[in-house]
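# A closer look at the structure
Each chain, written out:
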Amino acid sequence: MSPSIQELKNKLQDLYQSAEQDLKSARSSSELYELKTHHIGNKSRFQKMMKEMKNLSPEEKPLFGKWLNEKKTALEEMYSSLFRELKNRELEQKIKTEKIDLSLPGPPSHKGGLHPVQLIIQKTVNIFKSLGYSVRTGPMIESDWNNFQALNIPTDHPSRDLQDTFYIDEAHVLRTHTSPIQVRSMLAEKPPMAILAPGKVFRRDNDVSHSPTFHQMEGMFIDTHVSMAHLKGTLSYFVKELFGTNTKVRFRPSYFPFTEPSAEYDCSCPICGMKGCPMCKQSGWMEIGGCGLMHPKVLELSHIPSEKWEGFAFGLGMERLAIVYYGIPHIKLFLENDIRFLEQFSFKGES
Ligand code: DAH
């Protein structure tokens, strides 16, 4: 015989009471959640009572359905408020017990750092900035005109050889030096000017002491009455700032198509103090770049009247400077990205 509505009502009341008792006895929010699932979840006895309704008369059905819903809603509300209470209590407990001891050392963190060549670029820029120079940049893919012709480099000059230059097409190259930034600046600005142009350059060199990509820093100063004395004074100031006041500069006559006269310049070896060491090949001197007074033709090709304006220019090899500054034995170390090598610079934090 199927149960009467009164029997079902009693059963519902019993289920409700046992659920209420259980929910109130829960000691943690997770336990409470499990109890709720047990009592009013999909597979609970409470839920199964729905099925028993089918045996009731059409008048009894809605009445019993209403009671069932009321009890279920009451249990759900009870659950929500108990859950909130328990969660708050658990949070308070957590705050009390999980105090952070700020005096404990934290786990060591890996600190990034600048590449030694970038550190030297920054140092060099800062020194020349203090003399009034400002930084200019140019593209790595450069026109043949800017890279060669405007710098008075004739078509038969050895540096244009396919062996030395990466050609993109007939009229474009990967810049072989930072000197085209001289041309760009002269075309864009009016003298007097003092510019500095660091950048990556490319040559088809790849042996023990050369790599196909390296960094240069171009310097250019244009004013009226500029002489070799200004050039030498400027470069001396630079090396003294970088390597120390005892450092000397020496000029050796040289040839560049874009300067006249031209020189290569060395600084006294800061590693051995000119006593002679493997770094300076026992000579006491380190070669750091080329320089000279700007060829009047170069000024004219960029529309700067050479009767009025004169200038000097210089190019620095940044890898060489970094080698000397940090005492690095091998140029290849700059390109290998060996973390053990690079990490030695990350803590210097110099700029
Ligand atoms: N561009 C030259 C090179 O790559 C370096 C250089 C020499 C730059 C003399 C200059 C300069 O500005 O005046 O070898």
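Fair warning: this is a prediction, and the values are worked out from it, not measured in the lab.

Criteria and thresholds
Residues numbered from 1 in each chain as written. Predicted model: local features only at pLDDT ≥ 70, side-chain atom pairs only at ≥ 80, totals over all residues. Heavy atoms only, no water. Salt bridge = Lys/Arg side-chain N within 4 Å of Asp/Glu carboxyl O. Helix = DSSP H or I, 4+ residues; strand = E, 2+ residues; numbered from the N terminus. Buried < 20%, exposed > 50% of the residue type's maximum accessible area, 1.4 Å probe, protein only. Pairing = 2+ DSSP bridges. Contact = heavy atoms within 4.5 Å. Axes fitted to C-alpha atoms, helices over the stretch in contact; angles between N-to-C directions. Near = heavy atom within 4 Å. Areas by Shrake-Rupley, 256 points an atom, 1.4 Å probe, with all protein chains shown as cover. Nonpolar A, V, L, I, M, F, W, Y, C, P; charged D, E, K, R; others polar. Patch = residues over 30% accessible without salt bridge, like charges linked within 9 Å, V, L, I, M, F, W, Y side chains within 5 Å. Lys, Arg positive; Asp, Glu negative; His and termini not counted. Charge placed at Lys NZ, Arg CZ, Asp CG, Glu CD. Domains from an automatic or database assignment.

### Here's the deal with the pattern of salt bridges
- By the definition in use, this model includes 11 salt bridges.
- For lysine 24, the salt bridge identified is with glutamate 20, shortest N-O distance 3.2 Å. Note that lysine 24 and glutamate 20 are positioned in helix 1 (residues 5–25) at a spacing of 4 residues, about one turn of the helix.
- Glutamate 70 serves as the salt-bridge partner of lysine 66, at 3.8 Å between the closest nitrogen and oxygen. With lysine 66 and glutamate 70 both in helix 4 (residues 60–97), this residue pair falls 4 residues apart, about one helical turn.
- Judged by relative accessible area, which is 45%, glutamate 70 ranks as partly exposed.
- In this structure, a network of salt bridges that share partners links the residues Arg250, Arg252, Asp266 and Glu287.

### Observations regarding the sheet that holds strand 5 (residues 193–202)
- Reading across from one edge, 1-5-6-10-9-8-7 is the order of the 7 strands in this open sheet, with mixed pairing throughout. Whereas interior strands pair on both sides, the edge strands pair on one side only; in this sheet they are strand 1 (134–135) and strand 7 (249–256).
- Relative to strand 6 (residues 213–223), strand 5 runs antiparallel, the two sharing 10 bridges. Directly across from phenylalanine 202, in strand 6, lies its bridge partner threonine 213.
- Where helix 5 (residues 116–129) meets the sheet, it contacts strand 1, strand 5, strand 6 and strand 10 (310–317), and its direction lies at approximately 5° from that of strand 6.
- Those strands touched by helix 8 (residues 228–243) are strand 7, strand 8 (259–268), strand 9 (285–294) and strand 10, and its axis lies near 125° from that of strand 7.

### Observations concerning the site of the ligand
- If you check the shell around the ligand, you find 15 residues, and the closest are His177, Ser179, Arg203, Gln216 and Glu218.
- Protein contact buries 89% of the 350 Å² of open area that the ligand shows by itself.
- Contributions of two or more residues to the shell around the ligand are made by strand 6, strand 9 and strand 10.
- Taken together, the residues that form the shell around the ligand break down as 5 nonpolar, 8 polar and 2 charged.

### Here's the deal with a positive patch on the surface
- There is a patch of like positive charges on the surface, built from Arg45, Lys48, Lys51 and Lys54.
- Positionally, lysine 48 belongs in helix 3 (residues 45–52).

### A closer look at the environment of proline 198
- Structurally, the position occupied by proline 198 is in strand 5.
- Its relative accessible area of 18% is what places proline 198 among the buried residues.
- Not counting residues within four places of it along the chain, the set of residues in contact with proline 198 comprises Ile121, Val125, Val135, Arg136, Thr178, Gln216 and Met217.

### Quick word on the pairing of strand 5
- With 9 of its 10 residues buried, strand 5 lies for the most part within the structure.
- Bridging between strand 1 and strand 5 involves 2 bridges; their strand directions are parallel. The residue bridging valine 135 from the neighbouring strand is leucine 196, located in strand 5.

### Side note on helix 10 (residues 318–326)
- Among the 9 residues that make up helix 10, 7 are buried, leaving the element largely enclosed by the rest of the structure.
- Those residues of helix 10 that sit buried are Met318, Glu319, Leu321, Ala322, Ile323, Val324 and Tyr326.
- Two residues or fewer past helix 10, glycine 327 is found with a positive phi of approximately 65°.

### A look at the sheet that holds strand 3 (residues 167–169)
- Read across the sheet, 3 strands follow the order 2-4-3 without closing on themselves; strand pairing throughout is antiparallel. If you trace the sheet from one side to the other, it starts and ends with strand 2 (141–143) and strand 3, each paired once. Here the average twist between neighbouring strands, direction ignored, is 35°.
- As paired strands, strand 2 and strand 4 (residues 172–174) are joined by 3 bridges and run antiparallel to one another. The partner of glutamate 142 across the bridge, within strand 4, is valine 173.

### Focus on the domain arrangement of the chain
- When the domains of the chain are assigned, the result is domain 1 (5–97) and domain 2 (116–345).
- Once you take the C-alpha centre of each, domain 1 and domain 2 turn out to be 83 Å apart.

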